[in-house]
Amino acid sequence: MTIPIGPEGSHDSSGEPPLTMFGPDFPFAYDDYVRDPKGIGSVPAHAHGQRVAIVGGGLSGALVARELVRMGLRPVLYEADQIGGRMRSMALDGHPGIAAEMGAMRFPPSSTTLFHYLDEMGLATTSFPNPLAEATPSTVIDLKSSTEFARTLDDLPEIYAEVTEAWRWTLDKYAEAQPLGDAIRRRDAAAIKDIWNELVRRYDDVTFYGFLCQSEAFSRFELREMFGQVGFGTGGWDTDFPNSILEILRVVYTAADDHHRGIVGGSQQLPLRLWTVPVDHAAHWPTGTSVQSLHEGGRPRPRIVELRRTHPGNITVVDESGRIETFPAAVFTGQSWMLLNTIRADENLLPIDHWTAIERTHYMGSTKVFVAVDRPFWKDIDPDTGREVMSMTLSDRMTRGTYLLDFGDDKPGLICLSYTWADDSLKLLPLNANERMELMLKSLDEIYPDVDIRSHIIASPMTLSWETERDFMGAFKANLPGHYRYQRRLYTHFIQDRLAPEYRGFFMAGDDVSWTAGWAEGAVQTALNAVWGVMNHFGGRTHPDNPGPGDVFDDIAPVDLDA
């Protein structure tokens with residue numbers, strides 16, 4: 001299934017500009033902001049060299065650190081495990097460039113700010129083999145033991161087209177799909193706000209499933225069930241059915257779930273390069289300075305165990321080695337639940353309403369199971385059917401989604417045997433890697449009885465469940481109905497002149513604060529918000545011809561439901 005608003009690219013066939021992650025909650029042009037040669041801001045010379053603690057070395061933390069170096073500040077980055085966060089690429093031993101993406105693995109071209117940094121870091125991308133995507137030779141959909149082979153949607157039985165049309169009709173009828181899509185294409189912030197703010201008021205307390213049930217087009221349970229299994233873009237979305245429909249509309253209206261690209265060599269390269277590559281045109285620092293070069297031994301500081309405020313307006317950090325350091329500002333980019341359990345956090349870090357928002361944060365669990373195989377054997381043609389012997393597979397079996405990753409005919413391949421979410425991920429938690437692999441192979445044996453996958457496996461399985469990771473406790477946040485107010489508090493936290501003075505100087509960034517759950521663009525955008533906040537905290541400013549997110553905040557702020 002594909003998102004029904006329109007194709008991606010520089011322009012569509014009508015000459016209209018593409019959909020991008022421009023809003024809808026906060027329609028600020030982050031991509032234009034970072035591309036502008038005037039830069040994203042500066043701090044006064046007397047602030048140069050000031051140290052800023054950054055907790056977490058994922059995409060958001062590495063980006064904050066890099067942009068602060070560019071401004072002449074000195075980031076001190078703390079990382080509990082490895083640079084990359086949920087951009088975690090597990091390399092196949094002996095085969096450079098072949099890596100299993102245990103976290104983020106596909107990125108929509110609508111993530112235009114993210115792609116700015118991919119270009120800046122010299123990273124190439126390639127089409128990702130989603131179901132029915134142009135880059136996918138074939139797709140198999142296996143539901144209720146009935147298997148359908150397809151190269152395009154037109155190859156599937158009529159009921160699949162009926163489901164697609166029901167989704168398209170429901171978005172148009174109940175969620176202003178066309179006018180909002182047009183406004184996002186034109187980057188008409190006023191029109192976006194008019195439409196989206198009303199949708200927020202209308203649907204803040206509605207689940208994804210409840211939204212479907214209100215539609216005459218989905219009056220048959222059969223269609224709702226099939227939509228949950230097959231969905232749109234990347235596949236089935238029934239694990240998201242309990243979540244707020246606003247979360248889904250954000251994905252649809254910004255083309256976040258279609259036309260995906262993978263990062264050649266692995267997604268972890270992006271945060272690693274943000275950490276290691278020298279920063280061009282950095283204020284204060286000599287040529288060749290990188291974030292890494294400003295750290296003792298070229299390593300980040302270890303896991304933090306305590307965060308507290310100390311006089312006069314400082315943030316004091318204690319790491320697991322017992323080292324205590326104090327900073328005039330700090331940026332927290334980790335999963336926010338860490339402030340509730342694994343880190344001793346001073347209650348005065350945040351106002352009480354922000355603590356409530358953190359406590360109510362809802363995470364989606366996720367599990368992946370990968371195996372390496374000797375070659376991309378799935379491209380072999382079955383002489384009896386004339387089809388590939390194996391395809392990208394969507395199923396209601398335990399595998400749910402199976403992806404085939406081809407690195408060349410003369411190289412090993414990777415099979416993501418299973419990519420599961422929420423309850424489907426929980427079903428796998430008691431099982432070790434080999435048990436998970438065997439369970440998935442059993443399901444695939446039912447779909448492909450003549451294919452001996454096991455005979456091609458060349459290494460032990462690789463698996464990860466994000467909800468069991470101490471420093472994550474989930475793959476990403478996903479708001480439940482009624483959570484809009486909580487999300488707004490966290491997202492707008494970088495505007496600190498609205499806070500009492502005792503709560504300033506501590507900033508939050510990353511996926512938890514982002515409107516776009518699970519998408520790297522959200523981590524990038526909130527990182528830039530935090531950079532603007534730190535700059536403002538040190539008395540800095542942006543160029544008048546390139547205002548930052550805080551400079552225009554009042555004009556495009558997310559709707560306040562209590563106003």
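Residues numbered from 1 in each chain as written. Predicted model: local features only at pLDDT ≥ 70, side-chain atom pairs only at ≥ 80, totals over all residues. Heavy atoms only, no water.

Student: Just checking my understanding: could you explain the layout of surface pockets for this structure?
Tutor: Empty space left among the atoms is revealed by rolling a probe the size of a water molecule over them. Of the pockets and cavities examined, the largest pocket occupies roughly 620 Å³. Lining the largest pocket are 32 residues; nearest its centre among them are Thr126, Pro129, Leu405, Asp406 and Phe407. Elements with a minimum of two residues in the lining of the largest pocket: strand S4 (99–101), strand S5 (125–127), strand S8 (261–263) and strand S17 (401–405). (1 Å grid on protein atoms, 1.4 Å probe; cavity = no way out; pocket = protein on both sides within 12 Å on 5 of 7 lines; lining within 4 Å. Points joined across faces, edges and corners; volume = space filled by probe spheres on them. Helix = DSSP H or I, 4+ residues; strand = E, 2+ residues; numbered from the N terminus.)

Student: Where do I start with the sheet that holds strand S21 (residues 506–508) in this structure?
Tutor: Pairing between sheet strands relies on hydrogen bonds along the backbone, with the strands arranged either parallel or antiparallel. Spatial strand order, S2-S1-S12-S21: four strands in an open sheet with parallel pairing. The sheet terminates laterally at strand S2 (74–78) and S21, the two strands that pair on one side only. Taking the axes of each pair of neighbouring strands and ignoring which way they run, one obtains an average angle of 20° across the sheet. Where strand S1 (residues 51–55) meets strand S12 (residues 330–332), three bridges bridge the pair, whose relative direction is parallel. Within the sheet, the bridge partner assigned to Ile54 lies in S12 and is Val331. In this fold helix H15 (residues 520–537) packs onto S1, S12 and S21, with an angle of close to 165° to the strand it touches most, S21. (Pairing = 2+ DSSP bridges. Axes fitted to C-alpha atoms, helices over the stretch in contact; angles between N-to-C directions. Contact = heavy atoms within 4.5 Å.)

Student: I tried to follow helix H2 (residues 59–70) on my own but got confused; where do I start?
Tutor: Residues that lie three or four places apart on an α-helix share one face, since the helix turns once every 3.6 residues. Between its terminal C-alpha atoms H2 stretches 17 Å, which fits the 16 Å expected from 12 residues at 1.5 Å a residue. Burial within H2 is extensive, with 11 of its 12 residues counted as buried. Those residues of H2 not exposed but buried are Leu59, Ser60, Gly61, Ala62, Leu63, Val64, Ala65, Arg66, Glu67, Leu68 and Val69. Summarising the contacts, the buried residues of H2 are in contact with S1, S2, helix H3 (112–120), helix H10 (269–276), S12 and H15. The positive-phi residue at the C-terminal boundary of H2 is Gly72, with phi of around 95°. (Expected span 1.5 Å × (residues − 1). Buried < 20%, exposed > 50% of the residue type's maximum accessible area, 1.4 Å probe, protein only.)

Student: I tried to follow the pattern of salt bridges on my own but got confused; where do I start?
Tutor: Two side chains of opposite charge can pair, provided their charged atoms sit close to one another. In total, this model carries 44 salt bridges according to the counting rule given. One salt bridge connects Glu67 with Arg70, and the closest N-O pair in it is separated by 2.8 Å. Taken together, the residues span about one helical turn, with Glu67 and Arg70 both in helix H2 at a distance of three residues. Given the relative accessible area of 4%, Glu67 is considered buried. (Salt bridge = Lys/Arg side-chain N within 4 Å of Asp/Glu carboxyl O.)

Student: Explanation requested: the packing of aromatic side chains in the structure shown.
Tutor: Summed over the entire model, instances satisfying the criterion amount to 29 aromatic pairs. Taking the centre distance of 5.4 Å and the plane angle of 90° together, the rings of Tyr203 and Phe211 count as edge-to-face. Under the relative-accessibility criterion, Tyr203 is labelled buried at 3%. What makes Phe211 buried here is its relative accessible area of 0%. (Phe/Tyr/Trp six-rings, centres within 6.5 Å; stacked < 30°, edge-to-face > 60°.)

Student: Can you walk me through the sheet that holds strand S15 (residues 366–373) in this structure?
Tutor: Reading across from one edge, S7-S6-S16-S17-S18-S15-S19 is the order of the seven strands in this open sheet, with mixed pairing throughout. The open sheet has two free edges, formed respectively by strand S7 (146–150) and strand S19 (462–465), since each of these has just one partner strand. Each neighbouring strand pair of the sheet contributes to a mean axis angle of 15°, computed without reference to strand direction. The strands touched by helix H13 (residues 433–447) are strand S6 (139–143), S7, S15, strand S16 (392–395), S17, strand S18 (413–421) and S19; relative to S18, the strand with the most contacts, the crossing angle is about 95°.

Student: In this structure, what is going on with empty space enclosed by the protein? I would like to understand it.
Tutor: Taken as a whole and judged by the stated rule, the model has five cavities of 30 Å³ or more. Each pocket or cavity is described by its volume, and for the second largest cavity that value is around 120 Å³. Around the second largest cavity sit 15 residues that line it, and Gly23, Tyr491, Trp515, Thr516 and Gln525 are the ones nearest its centre. With three residues, H15 is the single largest residue contributor to the lining of the second largest cavity. Its residues placed into classes, the lining of the second largest cavity shows seven nonpolar, six polar and two charged. (Nonpolar A, V, L, I, M, F, W, Y, C, P; charged D, E, K, R; others polar.)

Geometric values such as these leave the question of function open.
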